[in-house]
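A look at the structure
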Amino acid sequence: MSVRDELLQRFLDAASRGDEEALSLMLSQSRELLDQRGEQGWSALMLTARNGHYDAARVLLSNGCDTSVTNRSGQTARDVALFWGHRHIARLLTSSPGHHLRQLLPSTDTEEPDIHFNREILDRMSDRRSDGEWLASRRASPETVFLLFHALSPLVRSGAEREEQIKLCKLRSAAVQELLTSSRTLEVFLGVDKQQQQQDDDDDGMVAWFALSTEDDPTQLLKDKDPSSFFLQEAMPGLLRLSDDDAGVVAQARSVLAWHSRYRFCPTCGGDTKVEEAGYKRTCLRAGCRSLQGVHNTCYPRVDPVVIMLVLHPDGKQCMLGRKKIFPPGMFSCLAGFVEPGETLEAAVRREVQEESGVQVGPVQYLSSQAWPMPSCLMIGCHCVAVTTDIKVDQNEIEEARWFTRQQVCRNAALHQCLSNGCSAVNGCRQNESPNS
Ligand SMILES: NC(=O)c1ccc[n+]([C@@H]2O[C@H](COP(=O)([O-])OP(=O)(O)OC[C@H]3O[C@@H](n4cnc5c(N)ncnc54)[C@H](O)[C@@H]3O)[C@@H](O)[C@H]2O)c1
Ligand SMILES: [Mg+2]
Ligand SMILES: [Mg+2]
Ligand SMILES: [Mg+2]
Ligand SMILES: [Zn+2]
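Residue positions are given per chain, counted from 1 along the sequence in the order it is written. All chains are assigned letters beginning with A, and all ligands numbers beginning with 1, in the order in which they are written. A pLDDT threshold of at least 70 governs which residues receive local features in this predicted model, and a stricter bar of 80 or more applies before side-chain atom pairs are shown or counted, although totals over entire chains, interfaces and linings include all residues. Excluded from the side-chain calculation are hydrogens and water; included are all heavy atoms of the structure.

The protein goes by NAD-capped RNA hydrolase NUDT12 in an unreviewed UniProt entry, where it is assigned to Cyprinus carpio carpio. UniProt positions are given in the numbering used here, feature names are shortened, and annotations may be inferred rather than shown by experiment. We quote the UniProt Sequence similarities (unreviewed entry) comment for the protein here in full: "Belongs to the Nudix hydrolase family. NudC subfamily." Within the UniProt record for the protein, the comment given under Subunit (unreviewed entry) is "Homodimer. Homodimerization is essential for its catalytic activity and protein stability. Interacts (via ANK repeats) with BLMH."

Observations concerning the coordination of the magnesium ion (ligand 2)
Taken together, the protein donors to the magnesium ion (ligand 2) comprise Ala336 (O), Glu356 (OE) and Glu397 (OE), at separations of 2.0 to 2.1 Å. For the magnesium ion (ligand 2), all donor residues lie on one chain, and their spacing in sequence is A-x19-E-x40-E. Because water is not among the atoms used, a metal site may look incomplete, as its donors are only the N, O and S atoms within 2.8 Å, or 3.2 Å for Na, K and Ca. Between the magnesium ion (ligand 2) and the magnesium ion (ligand 3), a spacing of 3.2 Å is present, and a bridge between the two is formed by Glu356. Here Ala336 is found in strand E12 (residues 335-338), whereas its partner Glu356 is found in helix H14 (residues 345-357), with 20 residues between them in sequence. For the exposure calls, accessible area comes from a 1.4 Å probe over protein chains only, and a residue counts as buried if that area is under 20% of its type's maximum, exposed if over 50%, partly exposed in between. Take Ala336: its relative accessible area is 22%, and that puts it in the partly exposed class. Classification of Glu356 as buried rests on a relative accessible area of 1%. Helix and strand definitions here come from DSSP, where helices need a minimum of 4 consecutive H or I residues and strands a minimum of 2 consecutive E residues; each element is numbered from the N-terminal end.

Focus: the coordination of the magnesium ion (ligand 3)
Coordination sphere of the magnesium ion (ligand 3), protein contribution only: Glu352 (OE), Glu356 (OE) and Glu397 (OE), at 2.2 to 2.4 Å. Sequence spacing among the residues donating to the magnesium ion (ligand 3) works out to E-x3-E-x40-E. Glu352 sits in the buried class, given a relative accessible area of 7%.

Thoughts on the nonpolar core
Generally speaking, nonpolar side chains in soluble globular proteins are found buried as a group. Grouped together as the largest cluster of nonpolar side chains are 31 residues, with contacts concentrated most on Phe11, Leu23, Leu45 and Leu60. Mapped onto this core, the elements with two or more residues apiece are helix H1 (3-17), helix H2 (20-29), helix H3 (44-51), helix H4 (54-62), helix H5 (77-83) and helix H6 (87-95). Residues count as neighbours in contact if any of their non-hydrogen atoms are within 4.5 Å of one another. If near-sequence neighbours (up to four positions away) are discounted, Leu45 is found in contact with Ala57, Leu60, Leu61, Cys65, Asp66, Thr67, Ala77 and Leu93. Here, the term nonpolar core denotes a set of buried Ala, Val, Leu, Ile, Met, Phe, Trp, Tyr and Cys residues that are joined through side-chain atoms within 4.5 Å. Of all hydrophobic cores here, the second largest spans 29 residues; its members include Leu147, Leu190, Ala235 and Ala247.

Points about the site of ligand 1
Within the structure, ligand 1 sits among 13 residues, and Lys324, Ser333, Ala336, Glu356 and Glu397 are positioned closest to it. Under this definition, polar contacts are N or O atom pairs within 3.5 Å; protein pairs additionally need one hydrogen-donor-capable and one acceptor-capable atom, and for neighbouring residues in sequence, both atoms have to be side-chain atoms. The contact in question runs from an oxygen atom of ligand 1 to an N or O atom on the backbone of Ala336, over 3.0 Å. In the model, an oxygen atom of ligand 1 is placed 2.7 Å from a nitrogen or oxygen of the Glu356 side chain. Accessibility throughout is a Shrake-Rupley quantity obtained with a 1.4 Å probe, and a residue counts as covered only by protein chains that appear here. Contact with the protein chains covers 59% of the free accessible surface of ligand 1, which is 820 Å². Of all elements in the fold, only strand E10 (304-312), E12 and H14 reach the threshold of two or more residues within the shell around ligand 1. At three residues, E12 tops the list of elements feeding residues into the shell around ligand 1. For the shell around ligand 1, the per-class residue count stands at seven nonpolar, two polar and four charged. Any residue with a non-hydrogen atom lying within 4 Å of a molecule or strand is treated as near it. The classification used treats Ala, Val, Leu, Ile, Met, Phe, Trp, Tyr, Cys and Pro as nonpolar, Asp, Glu, Lys and Arg as charged, and all other residues, Gly among them, as polar.

Regarding unusual backbone geometry
Across the junction of Met236 and Pro237, the peptide omega takes the value 0°, indicating a cis bond. With respect to the element layout, Pro237 can be found in helix H12 (residues 235-238). With omega at -5°, the peptide bond leading from Met374 into Pro375 counts as cis. Looking at the secondary structure, you find Pro375 in the loop between strand E13 (361-372) and strand E14 (377-386). Although it is not a glycine, Phe117 adopts a positive phi angle of roughly 80°. Along the chain, the position of Phe117 falls in the loop between helix H7 (99-102) and strand E1 (122-123). Of note in the backbone geometry, Leu152 takes a positive phi value of approximately 70° without being a glycine. Secondary-structure assignment places Leu152 in the loop between strand E2 (145-150) and strand E3 (153-158).

So this is what it looks like as structure tokens:
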């Protein structure tokens, strides 16, 4: 027997006996022993699992041994532990695969980021939605703010400070009298100004905000109200040009209005509906409809959960970005996809990444979320770590996906910033550079 073989035999014997001290000492002198295998392909970890030596198994794990290897019968150390009835060791080995991958996930101990569409300047005061008297008094108050929408586009004007920025037109009661009484107007109570609320806790002092959606031809409306105002043409990237305060209000208003525009009839029986709760409910008008018995989510504004994930390479130095065919040239983004019924966020992340890029994902970690009012998604941002690295895009949805280094992404972060601030040169920026350039 060679010196090497003799050393390996002594190492495997120590594992069989559960001699932690001997294992630690031998590993400190000769690390390559860790995953070496002896007769029938048995590793030291398998031998500790066979003989129920929990602490010795932990010594091997803390040295980073590979839990996925199998012996000649195709068993992993966990299989061996289960076969011999050592369930505590099997549990130890269950929590270990992917442990080193989990360490690649960033710390979750960070502040909630200030993301476009997420700022809430209004207290929604949902308890007031059925208080007709109070709503009528707010509607009539000269302080009340009305936002006007047509075909889901808000009425805006150019920002004073920066040319690329746009501002919501905040109309007062006198300017919208006609609209308020028109059957072609839909009204949604959005809430009251949080800042004003803090200064003045008298109910009448509250500054209420409403969204009004009009079916009327906007040309005439604009001429009457404010000649410098206009209905925003395209939601993307138009809505990115709003300030964070305005964007938060639009996220709420646009999502609710989009729901009204798509759910005019009862989803249960197809009957006509009436709007209730200040724009937050549609109730079926057909007597006997099942939706009138008990509480049904079909009567309330819908939100579609979508996972959006940054896939980290197992080397910890790269991440995956992809591009859809419909993206402007040069634009890459995180992969994303709708959560399906009966699915957890983690499962949705793994499935969408696999479908779109062919890459298998291990650990998944939630980061933060974003309201996405096109028309009404909740983007659920996650980090995850890949356990395979070969990319094979689905070709239907994703045209290309690649691994990018940290430097490549950082170089383009400035461009992203530029996009989220509503840079007027967005198209130029996106076309001129890609994360790979
Ligand atoms: N990086 C991004 O891709 C990104 C960024 C910001 C926002 N979003 C939003 O996320 C949403 C989902 O992303 P995706 O398009 O990659 O999803 P996806 O990968 O699940 O694919 C979309 C397709 O899934 C089907 N689908 C399944 N459930 C659906 C549902 N509830 N509504 C609509 N279609 C459904 C449709 O065929 C649709 O074409 C998009 O609407 C987009 O507005 C995506
Ligand atoms: Mg997708
Ligand atoms: Mg998909
Ligand atoms: Mg999908
Ligand atoms: Zn019905």
